[in-house]
Amino acid sequence: MYSEVWSYEAPEDQKDVFGSIACPAFLAFTNAAYLAGVTVELPCHCKPQEVQSVVWFFRKHRGRFDEARALTDSHGNKLLDTSQVLHSSDLRSRFSIRLFSLLIFRVGPGDSGLYICGSAHKDFFYGYDLDVQEAPTLNFISRVSTESKKKKRHRSSFIVYSHPLYQVFIGFQSWTVCDRCGVPGEQVRVGLCYVHSRFLQVRYRLNNETVASCGSEGVPMIFSHLKQGPKIEVKSCQVTCPPEPPPPSKVIALMAFLGYSSASTPVPVPVFYLNHPEDRILTLGCPGARPNMAVAWDQGSNQIYRFQQKSGGNFSLRIKIDPGHHLVFHPAKSQDSGVYYCWLQGRRAAEIRLLVYRHLGNDQLVWSHPEFPAAIQTVLKSYAVMTAVFCLLLICRAGIKHLRDMVETHLD
């Protein structure tokens, strides 16, 4: 497996910031827990200065170290187009290496294991104990009284199971900011499963040596049957939009020259174009989104809310926002074509113009398409209009020529 291993090499003209951090003498694994469906980044925090390239290795939990496999290709980038990645794709088709960091797109429980940053000579520098927890159904928080809000404001965890030797609890992250501004939005917080015990293996740890995620290899196997599913809580919110930063002076001068006021200057948002065949699963991601960020999606002027996934709402259950903040079409239909907007941290971040086209198989005829009559009618009308305009131009030209000949004859 290691006879020919390629990796990412640092550019020689750039400073090697990773080589300035000393690696631990004893390889330990930093415990990291995430929800399934998110994009995970594992930085290689240290390596010797003389090492200009790294190789990432992966091994399943409870496996032997000789079962580790390399996760690199000739350019360090196995994945080129993340829009084509499905949730069920193999790990080797869902990772990328960028500046020594390992990125895994749309992680699943099967990606849990040990990730080691090392070299092609089997030197290991830094390790992670990755625990990917399967996301449950969403839990929607209704409006509560002010008194009960004060009681729950600082509740960041709750114990699921208590034993003299260990405790299993759900640790909640802080609420995200409101994912939209100016219109009703949502706030999300994630609670992951953790174990508190004095009997955890010291090689796999968080900052607190007595706490590890439930799927960590540092949890003794006798405790592993006490896993508790993570929780996702969603509540509604509404905030006003902060003032936009003023545009550059050159843009203001150009708009004034064209007769527009500075208030009518549009806010620049990157535009992406995407074509996708019908009846296939489509996953849209918001550029720049990270697991702890607030992400929202709009279809044109219609907002797509997470609570609609439970109540039905205005959107079909085919379209939903997964725990990784991706907009998933299961599957995509031709009526899903349109303009989609994604919000990031309460601001509109990107515009995606989606075209879902019908894919005709070998056993399908063109004229059997349901939109074929309308297309033929449109084409014939266009030809009729163009023919009428052409004939009118010919008649006008002939009339002008006839009048000109009459004038010349009269002058003679």
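Per chain, residues are indexed from 1 in the order of the written sequence. Per-residue local features are limited, in this predicted model, to residues with pLDDT of at least 70; the limit for side-chain atom pairs, both in listing and counting, is 80 or more; totals at the level of whole chains, interfaces and linings are taken over all residues. Computation of side-chain values covers all heavy atoms of the structure but excludes hydrogens and water.

### Observations regarding the layout of surface pockets
Stated formally: Cavities and pockets were defined on a 1 Å grid built over protein atoms only: a cavity is a set of grid points that admits a 1.4 Å probe from which the probe cannot escape, a pocket is an open set flanked by protein on both sides within 12 Å along at least five of seven lines, and lining residues are those with an atom within 4 Å of any such point. Grid points are joined across faces, edges and corners, and a volume is the space filled by probe spheres set on the points. Elements are defined by DSSP. Helices are runs of H or I of four residues or more, strands are runs of E of two residues or more, and each kind is numbered from the N terminus. For this classification, Asp, Glu, Lys and Arg are treated as charged, while Ala, Val, Leu, Ile, Met, Phe, Trp, Tyr, Cys and Pro are nonpolar and the rest, including Gly, are polar.
Taken as a whole, the largest pocket encloses approximately 1,100 Å³ of empty space. Along the walls of the largest pocket sit 39 residues, with Thr 39, Cys 286, Ala 289, Arg 290 and His 326 positioned nearest its centre. Only strand S2 (29-35), strand S3 (40-42), strand S13 (185-197), strand S17 (271-277) and strand S18 (282-284) provide two or more residues apiece to the lining of the largest pocket. By residue number, the principal contributor to the lining of the largest pocket is S2, which donates 5 residues. Here the lining of the largest pocket is composed, by residue class, of 23 nonpolar, 12 polar and 4 charged.

### Description of the packing of aromatic side chains
For clarity, the threshold we go by: Ring geometry is summarised as follows: Phe, Tyr and Trp rings, the Trp one being its six-membered ring, pair when their centres sit within 6.5 Å, and such pairs are stacked at plane angles under 30 degrees, edge-to-face over 60 and tilted between the two. Here the term buried applies to any residue with accessible area under 20% of the maximum for its type, exposed to any over 50%, and partly exposed to those in between, with areas from a 1.4 Å probe on protein chains only.
A full pass over the atoms with the stated rule returns 9 aromatic pairs. Relative to Phe 124, the ring of Phe 57 lies with its centre 5.6 Å away and its plane at 75°, an arrangement referred to as edge-to-face. With a gap of 67 residues between them, Phe 57 in strand S4 (residues 53-60) and Phe 124 in strand S9 (residues 124-133) connect regions that are remote in the sequence. The class of Phe 124 is partly exposed, set by a relative accessible area of 38%. With centroids separated by 5.6 Å and ring planes inclined at 90°, the aromatic side chains of Phe 329 and Tyr 340 adopt a geometry described as edge-to-face. You can see Phe 329 sitting in strand S22 (residues 327-329) and its partner Tyr 340 sitting in strand S23 (residues 338-344), a full 11 residues away along the chain. Taken individually, Phe 329 and Tyr 340 each receive the classification buried, so the pair is uniform in this respect.

### Focus: the pattern of salt bridges
Think of it this way: side chains of opposite charge can pair up when their charged atoms draw near. Which entries qualify depends on this criterion: Criterion for a salt bridge: a side-chain nitrogen of Lys or Arg within 4 Å of a carboxyl oxygen of Asp or Glu.
On inspection of all chains with the given rule, the structure shows 12 salt bridges. Measuring nitrogen to oxygen at the nearest pair gives 3.4 Å for the salt bridge that ties Asp 179 to Arg 306. One end of the pair, Asp 179, is in the loop between strand S12 (166-172) and S13; the other, Arg 306, is in the loop between strand S20 (302-304) and helix H3 (308-311), with 127 residues separating them in the sequence. As far as burial versus exposure is concerned, Asp 179 and Arg 306 are alike and both buried. A cluster of three or more residues bridged by salt bridges with shared partners is formed by Asp 179, Arg 180, Glu 186, Asp 298, Arg 306 and Arg 348.

### Quick look at the state of the cysteines
For the record, the criterion: Disulfides are defined in this document as cysteine sulfur pairs within 2.5 Å.
Following the criterion strictly, the structure yields 5 disulfides and no others. Covalent S-S linkage joins Cys 44 and Cys 117, the inter-sulfur distance amounting to 2.0 Å. Of note, the bridge from Cys 44 to Cys 117 carries an S-S torsion of about -80° and is left-handed in sense. In this pair, Cys 44 is assigned in the loop between S3 and S4 and Cys 117 in strand S8 (residues 113-118), connecting sequence segments 73 residues apart. When sorted by exposure, Cys 44 lands in the same class as Cys 117, which is buried. Shown here is the disulfide that connects Cys 178 with Cys 237, its sulfur atoms set 2.1 Å apart. With the S-S bond torsion at 90°, the cross-link from Cys 178 to Cys 237 turns out right-handed. Here the residue Cys 178 occupies a position in the loop between S12 and S13, and Cys 237 occupies one in strand S16 (residues 231-237), the gap between them amounting to 59 residues.

### Comments concerning unusual backbone geometry
His 330 connects to Pro 331 through a cis peptide bond whose omega is -5°. By the element assignment, Pro 331 lies in the loop between S22 and S23. For Asp 279, which is not a glycine, the phi torsion comes out positive at approximately 65°. As for its placement among the helices and strands, Asp 279 is situated in the loop between S17 and S18. When its relative accessible area of 47% is taken as the criterion, Asp 279 is described as partly exposed.

### A few points about a nonpolar patch on the surface
As a reminder of what qualifies: Only residues whose relative accessible area exceeds 30% and that form no salt bridge enter a patch; like-charged residues are grouped when within 9 Å of one another, and nonpolar side chains (Val, Leu, Ile, Met, Phe, Trp, Tyr) when within 5 Å. Here the accessible surface of atoms and residues is derived via Shrake-Rupley with a 1.4 Å probe, and residues count as covered only by protein chains that are part of the display.
Taken together, the side chains of Val 379, Tyr 383 and Met 386 define a hydrophobic patch exposed on the protein surface, amounting to about 320 Å² of accessible area. Its location among the elements puts Met 386 in helix H4 (residues 372-411).

### Comments concerning the pairing of S16
Our working rule: Pairs of strands are assigned from DSSP output, requiring at least two bridges between the strands.
As defined by bridge partners, strand S10 (residues 138-140) adjoins S16 across 3 bridges and the pair is classed as parallel. Looking at S16, one finds that Phe 140 is bridged to Val 234. Bridge analysis of S13 against S16 gives 7 bridges, and the strand direction is antiparallel. Across the sheet, the residue bridging to Gln 187 is Lys 235, located in S16.

### Regarding the confidence of the model for the protein
Predicted coordinates in regions of low pLDDT should not be interpreted in detail. Where we set the bar: Each residue carries a pLDDT score, the predictor's confidence in it, ranging from 0 to 100. The contact criterion used throughout is that any non-hydrogen atoms of two residues lie within 4.5 Å.
Across the protein, the average pLDDT comes to 78, with 75% of residues at or above 70. Low pLDDT (under 50) marks residues 145-154, which in the prediction has 1 contact with non-local residues, meaning those over four places away or in another chain.

### Here's the deal with the sheet that holds S17
Stated formally: Helix axes are fitted only over the stretch in contact, all axes being lines through C-alpha atoms; the angle between N-to-C directions runs from 0 to 180 degrees.
Strand order in the open sheet formed by 5 strands is S17-S24-S23-S19-S20, with mixed pairing between adjacent strands. Looking at strand neighbours, the two that pair on one side only are S17 and S20, the edges of this open sheet. Strand-to-strand, the axes of this sheet are offset by a mean angle of 30°, without reference to chain direction. Judged from the 3 bridges that link them, strand S19 (residues 295-299) and S20 form a sheet pairing that is antiparallel. Across the sheet, Gln 299 pairs through a bridge with Asn 302, a residue of S20.

### Observations regarding the side chain of Arg 189
To be explicit about the condition: Any pair of nitrogen or oxygen atoms within 3.5 Å is treated as a polar contact; in protein, a donor-acceptor pairing is required on top of that, and neighbouring residues in sequence qualify only through side-chain atoms on both sides.
With respect to the element layout, Arg 189 can be found in strand S13. A distance of 2.9 Å separates polar atoms of two side chains, one belonging to Arg 189 and the other to Glu 233.

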